[in-house]
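Residue-level structural notes
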Amino acid sequence: MTGDGTAVDQSQVGAKLARATRLEELHKRQAAVEEPSGARSGDTDAANAPAESDGGSESGEQSERDEDSNSALLAAELRIRTLKAKNREQDIKLRKRLALWSTIFVGAQLLMSNVFFGVYLFVNRENPDSQVMIAWLTASVVEVIGILLVIARSLFPVKNGNGQGSS
């Protein structure tokens, strides 16, 4: 599924991409062949005269070229959509991984902070300094909130009117 709700069949994508590649190569070869022949012809009216008298063949070729061009454009658009869908999938995977490791890190940070705080209280059980305890707990809370805030902003950037993340 792409972001706009359309299903992407990988076999169709591959077939259309292969067709687009063949059409691009064909157009390049035709352009290379037509360019020198048009440059050699000194009389453009004489060169165009047979084409005008046989209008059915020319219009058939033109409609075929238009159809091939449209197919190539559609294949290129499909290629872009497929790349965008893959990019979104990769972003989601990276966000999940970052969220998991960040949660583990913050949990370990809290655990270690509490262990060291317990050791401090055990060592100074007779007369613990209240300023040290307040500073320690405050620093731990601020650190955890700060880490989580930075992570949340990187995972879910705020969009402005242009659809771009704010900086």
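Calculation rules
Sequence order as written defines the numbering, with residues in each chain counted from 1. This being a predicted model, a pLDDT of at least 70 is required before a residue's local features are given, and a value of 80 or more before pairs of side-chain atoms are given or counted; all residues contribute to the totals for chains, interfaces and linings. Excluded from the side-chain calculations are hydrogens and water; all other atoms, namely the structure's heavy atoms, are used. Helical segments are the DSSP runs of H or I of at least four residues, strand segments are the runs of E of at least two, and each set is numbered from the N terminus. Classification of residues uses two cut-offs on accessible area relative to the type maximum, computed with a 1.4 Å probe and protein chains only: under 20% is buried, over 50% is exposed, and between them is partly exposed. Any two residues having at least one pair of non-hydrogen atoms within 4.5 Å are treated as being in contact. In short, Shrake-Rupley with a 1.4 Å probe defines the accessible areas, and a residue's cover is counted only from the protein chains shown. As a per-residue measure, pLDDT tells how confident the predictor is, with possible values from 0 to 100. Only Phe, Tyr and Trp rings take part, Trp by its six-membered ring, and two of them pair if their centres are within 6.5 Å. Stacked means planes under 30 degrees apart, edge-to-face means over 60, and tilted covers everything else. Think of a nonpolar core as a cluster: buried Ala, Val, Leu, Ile, Met, Phe, Trp, Tyr and Cys residues, connected wherever their side-chain atoms sit within 4.5 Å. Patch membership requires over 30% relative accessible area and the absence of a salt bridge. Like charges are linked within 9 Å, and nonpolar side chains (Val, Leu, Ile, Met, Phe, Trp, Tyr) within 5 Å. Any Lys or Arg side-chain nitrogen located within 4 Å of an Asp or Glu carboxyl oxygen qualifies as a salt bridge.

**So, the overall build of the chain**
Helix and strand content of the chain: four helices and zero strands. Counting over 167 residues, the chain shows a buried share of 11%. For the chain, long-range pairs separated by at least 24 residues make up 66% of all intrachain contacts whose partners lie at least 6 apart in sequence. Working note: accessible area of the chain is about 13,000 Å², and carbon and sulfur atoms make up 59% of it.

**Quick word on the confidence of the model for the chain**
In this model, the chain carries a mean pLDDT of 74, and residues with pLDDT of at least 70 account for 73%. Predicted confidence in the chain is weakest over helix 2 (residues 44-53), with a mean pLDDT of 43, and strongest over helix 4 (residues 130-155), with 85. This stretch, residues 1-5, has a pLDDT under 50; its non-local contacts, to residues over four places away or in other chains, come to seven contacts. Confidence over residues 37-56 falls short of pLDDT 50; this stretch has two contacts with residues more than four positions distant or in other chains.

**Brief notes about the packing of aromatic side chains**
Here the structure, examined in full by the defined rule, presents two aromatic pairs. Ring centres of Phe117 and Trp136 lie 5.8 Å apart, and the angle between their planes is 70 degrees; on these two criteria the pair is classed as edge-to-face. Taken together, the positions of Phe117 in helix 3 (residues 55-123) and Trp136 in helix 4 put the pair 19 residues apart, joining distant regions of the chain. An angle of 40 degrees between the planes, with centres 6.1 Å apart, marks the rings of Tyr120 and Trp136 as tilted. Of this pair, Tyr120 sits in helix 3 while Trp136 sits in helix 4; the two residues are 16 residues apart in sequence, bridging distant segments of the chain. Classification of Tyr120 by relative accessible area gives buried; the value is 17%. Trp136 sits in the partly exposed class, given a relative accessible area of 28%. Three or more aromatic residues joined by ring pairs make a cluster, and in this case those are Phe117, Tyr120 and Trp136.

**Overview of the nonpolar core**
Membership of the largest hydrophobic core is limited to five residues, which are Val106, Val144, Ile147, Ile151 and Leu155. For this core, the element with the most residues is helix 4, which contributes four residues. Every residue in contact with Val144, bar those within four places of it in the chain, is listed here: Val106 and Leu110.

**Notes on a nonpolar patch on the surface**
A cluster of nonpolar residues, Leu111, Val115, Val119, Phe122 and Val123, forms a patch on the protein surface that exposes about 490 Å² of accessible area. Along the chain, the position of Val119 falls in helix 3.

**A word on the pattern of salt bridges**
In total, this model carries one salt bridge according to the counting rule given. The closest approach of N and O atoms between Arg81 and Glu77, which form a salt bridge, is 3.4 Å. Here Arg81 pairs with Glu77, and both are found in helix 3, just four residues apart, close to one helical turn. For Arg81, a relative accessible area of 36% gives the class partly exposed. For Glu77, a relative accessible area of 40% gives the class partly exposed.

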